[in-house]
Amino acid sequence: MQYYKTNIKIITLIKVFAFTLLVFASTTTFSQNELIAFIKFKIDGGNFDNSNLTITKDGQKWKTSAGQKSFEYTLEYNHTYIFTFSKKGYVTKKIKVNTTIATESINPEGYDLPFEVNLFTQYEGVNTVVYNQPVGVFKYDKVNDSFDYDTDYTKSIKAQIEKVAEETKKAEQEDLAQKQAEAAQKQAEAQKQAEAQKQAEAAKKATEAEAAKKAMEIAKANELAKKEEAKKIAEEQKQTELAKKQAEAEEIEKRKAQAATEEAAKKQAKLDAIQEEAAKKATEAEAAKKALETTKANELAKKEEAKKIAEEQKQTELAKKQAEAEEIEKRKAQAATEEAAKKQANLAAIQEEATRKKAEKEQLKAAEGAKRLELLAKLESEKAERERLKSQAQAEEQAKKAELQAKIEQEIATKKATTVAEELERKRKNEELVAQKNAELKKIADEKKAQAEAQANENLKRIQQQQEDAARRRMESQSEEELKRKQNIDAIAEELKRRNSDIPDGKNETVETDDYKKTTTITIKIDEVVTTYRKVEWKWGGTYYFKNGKGISQAIYYLDTK
């Protein structure tokens, strides 16, 4: 019986192909860009009752599990995990997994990390302090593109573990010897007590044994058939589940692609909406500008028309007033002329009356003498002349007054016309000033509008440029990432090609042995295509088979390499 097993199994699963597992096939799980740990848990000489697995991630508690013999966990990259296996009465063991890896080095098909841990009994007096630290460390191996155990670390604690193993083995042997002695004593007592009964029941037992043997054979046959049927059903379920997972994965990729397409369409629609809104605003601004110009032109035309009508009305009113003034002057002059003619007629009548009176006087005073009559006539004539001159002076005075009045009224009318013209000129200048002010305001508004349009266009161009820059950066980032991945794949392919070129045609076999395992590698090269098979025999008893890094069954291994 093997009492001490430090069991750390590392199986590197690189890429390509998926294989159906046959009888005795080791478990193979398909992953997409993931690191999956497959763990087997063994209790030396015991069961899994009260057994525990505790996992920490970067020093923080991550997951726990109890009472299981196998586990499967998906680990995230660039973290440190500590797996602690424990059970009361047994030595606790730890495994450290460092998942640090460069992003461009991650294999698209992911990695599998299988290992096995076996707990042995804790004996009094055996120093197990070495197990306070991890018994195994796993990390990324860039050369083989896999997560493998750290041989340097294993070598550093190998001596301490071997010492604990020797002490444990010695304690086990002593414990076994004691148990054997106790068992021998109990067996002797039981044998002594059963001897008498044994002889009496020998015949009966022989018959029962024969019946039991037949029943056992039948039961074994039934059990074997059930196991085969269960195995077949499990295989079918596994294939169904695998197909289901693959369909789900394809559906997820399809949805992701659809979501990406929809997101791109939304972004394009948003950009189109922004451009359409900007164009709409520019159109509305242009329409508003034209409407404002039309309104202002109409208002200006109305003002010009009103100004023209007012001017015509003022000119008409001025002409009317001037005509009325001329008519008044004409009437005044005519009245003055009529008055002068009337006075002249009166003067003529007076002269006629004087002549008549003179004749009468000459007739009445014929006797007074010619001198008196002559004097009287002369006096009357002078009086008449004075009256005439007076009337003439008065008529002239009236005519001068009328002429002066007409002149004054003419000056007043002219002055009024001049005042109206000045008022019109002042109004014209005010209107010109208002028009100039409106023109300046319009210019400022146009400039502000032009600045707003320029700013809007600049913002739109900036948004478009930012979107184009973001798209270009995404494309460049994707291109760089894709280039790195391609370079990495090309480097791996080149390395494989270089290695394959050194491999002779046909079948080649090599065997490597270290402190923990024996590895048999068989390469078969046909038409420059190299297929690699490996059989790994661990010293703790496990044997595993691989084809191009993927786990296969023993049957496939021997069938392909025969």
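None of the values given here were measured: they were computed from a predicted structure.

Draft legend 1. Representation of the overall build of the chain. Within the chain one finds 3 helices and 14 strands. The C-alpha atoms of the chain give 66 Å as radius of gyration, which overshoots the globular expectation for 562 residues (24 Å, by more than 25%). Projecting the C-alpha coordinates of the chain onto the three principal axes gives extents of approximately 235 × 60 × 50 Å. Across the 562 residues that make up the chain, the buried fraction comes to 24%. Taking the contacts inside the chain whose residues are at least 6 apart along the sequence as the reference set, 65% of them involve residues at least 24 apart. About 38700 Å² of surface is accessible on the chain, with carbon and sulfur atoms providing 53% of the total. Distance between charge centroids for the chain: 2 Å, based on 107 positive and 103 negative side chains.

Draft legend 2. Broad picture of the packing of aromatic side chains. Applying the stated criterion across every chain, the model contains 18 aromatic pairs. Seen in terms of ring centroids, Phe-41 and Phe-48 are 5.7 Å apart; in terms of plane orientation they differ by 65°. Their pairing is edge-to-face. Taking the relative accessible area as the measure of exposure, Phe-41 reaches 2% and is therefore buried. A ring pair is formed by Phe-120 and Tyr-131, whose centres lie 5.7 Å apart and whose planes are at 70°; its orientation type is edge-to-face. Of this pair, Phe-120 sits in the loop between β7 (111–119) and β8 (136–141) while Tyr-131 sits in the loop between β7 and β8, and the two are 11 residues apart along the sequence. Classification of Phe-120 as buried rests on a relative accessible area of 1%. Residue classification places Tyr-131 among the buried positions, given a relative accessible area of 3%. Cation over ring: Lys-63 sits above Trp-62, and NZ or CZ is 5.0 Å from the ring centre.

Draft legend 3. How the structure looks around the sheet that holds strand β3 (residues 60–66). Across the sheet, which stays open at both edges, the 6 strands sit in the order β3-β2-β5-β6-β8-β9 with mixed pairing between neighbours. Looking at which strands have only one partner, the edges of the open sheet turn out to be β3 and β9 (146–149). Averaged over all pairs of adjacent strands, the angle between strand axes in this sheet comes to 20°, irrespective of strand direction.

Draft legend 4. Spotlight on unusual backbone geometry. Notably, Asn-50 is not glycine yet its phi reads approximately 60°, a positive angle. Position of Asn-50 among the secondary structure elements: in the loop between β1 (35–43) and β2 (51–57). You will see that Asp-145, though not glycine, has its phi angle at about 50°, which is positive. Position of Asp-145 relative to the elements: it lies in the loop between β8 and β9. By relative accessible area, Asp-145 is classed as buried at 6%.

Draft legend 5. Representation of the pattern of salt bridges. One pass over the full model with this rule turns up 15 salt bridges. The residue Lys-57 makes a salt bridge to Glu-76 at a minimum N-O spacing of 2.9 Å. Highlighted residues: Lys-57 in strand β2 and Glu-76 in the loop between β4 (70–75) and β5 (80–87), separated in sequence by 19 residues. Residue Lys-57 is classed as buried on the basis of its relative accessible area of 17%. Note on Glu-76: relative accessible area 44%, which makes it partly exposed. With its nearest N and O atoms 2.9 Å apart, the salt bridge here joins Lys-517 to Asp-514. When its relative accessible area of 29% is taken as the criterion, Asp-514 is described as partly exposed. What emerges from the salt-bridge pattern is a single network uniting Lys-158, Glu-162 and Asp-515.

Draft legend 6. Looking closely at helix α3 (residues 554–561). Buried within α3 we find Ile-556, Tyr-557 and Thr-561. Down the axis, α3 shows its buried residues gathered within 110° of arc, on one side only. Each element contacted by the buried residues of α3 is listed here: β10 (506–513), β11 (517–526), β12 (529–538), β13 (543–547) and β14 (550–552).

Draft legend 7. Quick look at the confidence of the model for the chain. The predicted model of the chain averages 79 in pLDDT, with 91% of residues at 70 or higher. Low pLDDT (under 50) marks residues 1–31, which in the prediction has 114 contacts with non-local residues, meaning those over four places away or in another chain.

Draft legend 8. Representation of the nonpolar core in the model. Counting 41 residues, the largest nonpolar core has Phe-83, Phe-85, Ile-95 and Phe-115 as the members making the most contacts within it. Membership of the second largest hydrophobic core comes to 7 residues, among which are Ile-522, Ile-524, Tyr-533 and Tyr-557.

Draft legend 9. Inspection of the sheet that holds β14 at higher detail. Pairing in this open sheet of 5 strands is antiparallel, and the strands run β10-β11-β12-β13-β14 from one edge to the other. This sheet does not close on itself; its edge strands, each paired only once, are β10 and β14. The average angle at which neighbouring strand axes cross in this sheet is 25°, direction not considered. Across 5 bridges, the pairing between β12 and β13 is antiparallel. Its bridge partner being in β13, Val-536 is matched across the sheet by Tyr-544.

Draft legend 10. Molecular detail of a negative patch on the surface. A cluster of like negative charges, contributed by Asp-272, Glu-276, Glu-277 and Glu-284, occupies part of the molecular surface. Along the chain, Glu-284 turns up in helix α1 (residues 151–364). The class of Glu-284 is partly exposed, set by a relative accessible area of 46%.

Draft legend 11. Structural context of the environment of Tyr-545. Mapped onto the elements, Tyr-545 comes out in strand β13. For Tyr-545, a relative accessible area of 10% puts it in the buried group. Here the alpha-carbon distance between Tyr-545 and Ile-489, two residues 56 residues apart in the chain, equals 25 Å.

Draft legend 12. Region of interest: a nonpolar patch on the surface. Where nonpolar side chains cluster on the molecular surface, the patch consists of Leu-404, Ile-408 and Ile-412 and spans about 250 Å² of accessible area. Here Ile-412 lies in helix α2 (residues 370–502).

Reading the values: rules and limits
Residues numbered from 1 in each chain as written. Predicted model: local features only at pLDDT ≥ 70, side-chain atom pairs only at ≥ 80, totals over all residues. Heavy atoms only, no water. Helix = DSSP H or I, 4+ residues; strand = E, 2+ residues; numbered from the N terminus. Rg over C-alpha atoms; globule rule 2.2 N^0.38 Å. Buried < 20%, exposed > 50% of the residue type's maximum accessible area, 1.4 Å probe, protein only. Contact = heavy atoms within 4.5 Å. Areas by Shrake-Rupley, 256 points an atom, 1.4 Å probe, with all protein chains shown as cover. Lys, Arg positive; Asp, Glu negative; His and termini not counted. Charge placed at Lys NZ, Arg CZ, Asp CG, Glu CD. Phe/Tyr/Trp six-rings, centres within 6.5 Å; stacked < 30°, edge-to-face > 60°. Lys NZ or Arg CZ within 6 Å of the ring centre and 35° of its normal. Pairing = 2+ DSSP bridges. Axes fitted to C-alpha atoms, helices over the stretch in contact; angles between N-to-C directions. Salt bridge = Lys/Arg side-chain N within 4 Å of Asp/Glu carboxyl O. Arc of directions from axis to C-beta. pLDDT = per-residue confidence, 0-100. Core = buried A, V, L, I, M, F, W, Y, C linked by side-chain atoms within 4.5 Å. Patch = residues over 30% accessible without salt bridge, like charges linked within 9 Å, V, L, I, M, F, W, Y side chains within 5 Å.

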